[in-house]
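Coordinate inspection notes
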Amino acid sequence: MKKRYGNYIGAILHHTTGSENQTLKDMENIAKAKGYGAVSYNYLIKRDTKNNQASIKTGRNTYWVGAHTYIENDSKAKKDPLAKGDKNYYNKNWLGIALIGDYEKNQINSDYLENVIKSIAHIIEVINKKQGQKIKYLRGHREVDNTLCPGKSVYLKMDYIRDKVSKILGYTLLK
Ligand SMILES: [Zn+2]
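This one's a predicted model, so the numbers in the text were calculated from it and none came from an experiment.

A few points about the overall build of the chain
- Across its full length, the chain holds six helices and five strands.
- In the chain, the succession of helices and strands from N to C terminus is β-α-β-β-α-α-β-α-β-α-α.
- Its C-alpha atoms give the chain a radius of gyration of 15 Å, near enough to 16 Å, the size a compact globule of 175 residues would have.
- Taking the principal axes of its C-alpha atoms as reference, the chain extends roughly 45 × 40 × 30 Å.
- Burial statistics for the chain: of 175 residues in total, 37% are counted as buried.

The following block contains the structure:
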């Protein structure tokens, strides 16, 4: 894994596409079997299926470049005013936050969504404080590349999620 430089300016929301019951340990084992040094996301959010609470798990250490948003689509990378053709751009100064589960196949529970929003705001607050600079952007993976991630039921709520996370943070996150 490569060392990362500079502050985070944004966060990308993903889903893992696997089972909701997957543990961080399962995902670490899969990542290691593929030859990756660590899980590709910096944070993972897990649903408690009994009460729809969300818990935050720490994935890849922010010391390292991430492996969550490699822009597969050439023209998307070139047209992106921030990435400027760098396909690995979002892995450098953007946090990877993943919801454990498959939100293309499954609808996100509305109570859980509210807890996800609080969790995202909490993660951003922690990073903002740590680096002394505010994260400016929150995007769904599908907003930057041709992918289904973070799944239809989350993708369709990205504006709502940005708006509510912004309200908790007290400043407006950009798309
Ligand atoms: Zn993704």
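Let us keep going from here.
Considerations on the sheet that holds strand β2 (residues 43-47)
- A sheet is described by the order of its strands in space; here five strands give the open sequence β3-β2-β4-β1-β5, paired in mixed fashion. Edge strands, defined here as strands with exactly one partner in the open sheet, are β3 (54-58) and β5 (137-140). Averaged over neighbouring strand pairs, the angle between their axes works out to 25° when direction is ignored.
- The pairing of strand β1 (residues 10-15) with strand β4 (residues 94-99) spans six bridges and is parallel. Paired with G10 across the bridge in β4 is W94.
- Docked against the sheet, helix α4 (residues 110-131) engages β1, β2, β3 and β4, running at close to 35° with respect to β3.

Let's talk about the nonpolar core
- Counting residues in hydrophobic clusters, the biggest one holds 38 residues, and the most contacted among them are A11, I45, I97, I120 and V165.
- Every element with two or more residues in this core is listed here: β1, β2, β4, α4, α5 (152-155) and α6 (158-169).
- Of the residues forming this core, the biggest block, seven residues, is contributed by α4.
- Once residues lying within four places of it in the same chain are set aside, the contact partners of V165 are I117, I120, A121, I124, L138 and L173.

What about unusual backbone geometry?
- Look at the link from C149 to P150: it is a cis peptide, with omega at 10°.
- For P150, the position within the fold is in the loop between β5 and α5.
- The backbone of N52 shows a phi angle near 65°, a positive value even though the residue is not glycine.
- With respect to the helices and strands, the residue N52 is situated in the loop between β2 and β3.
- Among the residues examined, N52 registers 16 C-beta atoms within 10 Å and is labelled partly exposed.

Remarks on the packing of α4 against α6
- Running from amino to carboxyl end, α4 crosses α6 at an angle of 55°, the nearest separation of the two axes being 9 Å. In terms of axis orientation, α4 runs oblique to α6. Considering how the two elements wind past one another, α4 and α6 form a crossing that is right-handed. Where α4 approaches α6, its residues I117, K118, I120, A121, I124 and E125 are matched on the opposing element by I161, K164, V165, I168 and L169.
- Looking at the contact of α4 with α6 residue by residue, the class counts come to eight nonpolar, no polar and three charged.

Here we look at the pairing of β2
- With five of its five residues buried, β2 lies for the most part within the structure.
- Judged from the five bridges that link them, β2 and β3 form a sheet pairing that is antiparallel. Opposite I45, over in β3, you have I56 as the bridge partner.
- Where β2 folds back onto β3 in an antiparallel hairpin, the turn is made up of six residues, including N52, whose phi is positive at roughly 65°.
- Relative to β4, β2 runs parallel, the two sharing three bridges. Paired with I45 across the strands is L99, a residue of β4.

With respect to the environment of N128
- Within the secondary structure, N128 sits in helix α4.
- Other than its neighbours up to four places away in sequence, N128 contacts K134 and I135.

Rules of the game
Residues numbered from 1 in each chain as written. Predicted model: local features only at pLDDT ≥ 70, side-chain atom pairs only at ≥ 80, totals over all residues. Helix = DSSP H or I, 4+ residues; strand = E, 2+ residues; numbered from the N terminus. Rg over C-alpha atoms; globule rule 2.2 N^0.38 Å. Buried ≥ 20, exposed ≤ 12 C-beta atoms within 10 Å, placed from the backbone. Pairing = 2+ DSSP bridges. Axes fitted to C-alpha atoms, helices over the stretch in contact; angles between N-to-C directions. Contact = placed C-beta atoms within 7 Å. Core = buried A, V, L, I, M, F, W, Y, C linked by C-beta atoms within 7 Å. Parallel < 35°, antiparallel > 145°, perpendicular 65-115°, else oblique. Left-handed = near helix turned anticlockwise from the far one by under 90°. Nonpolar A, V, L, I, M, F, W, Y, C, P; charged D, E, K, R; others polar.

So, to be careful, I would describe these as geometric facts and stop short of saying anything about function.
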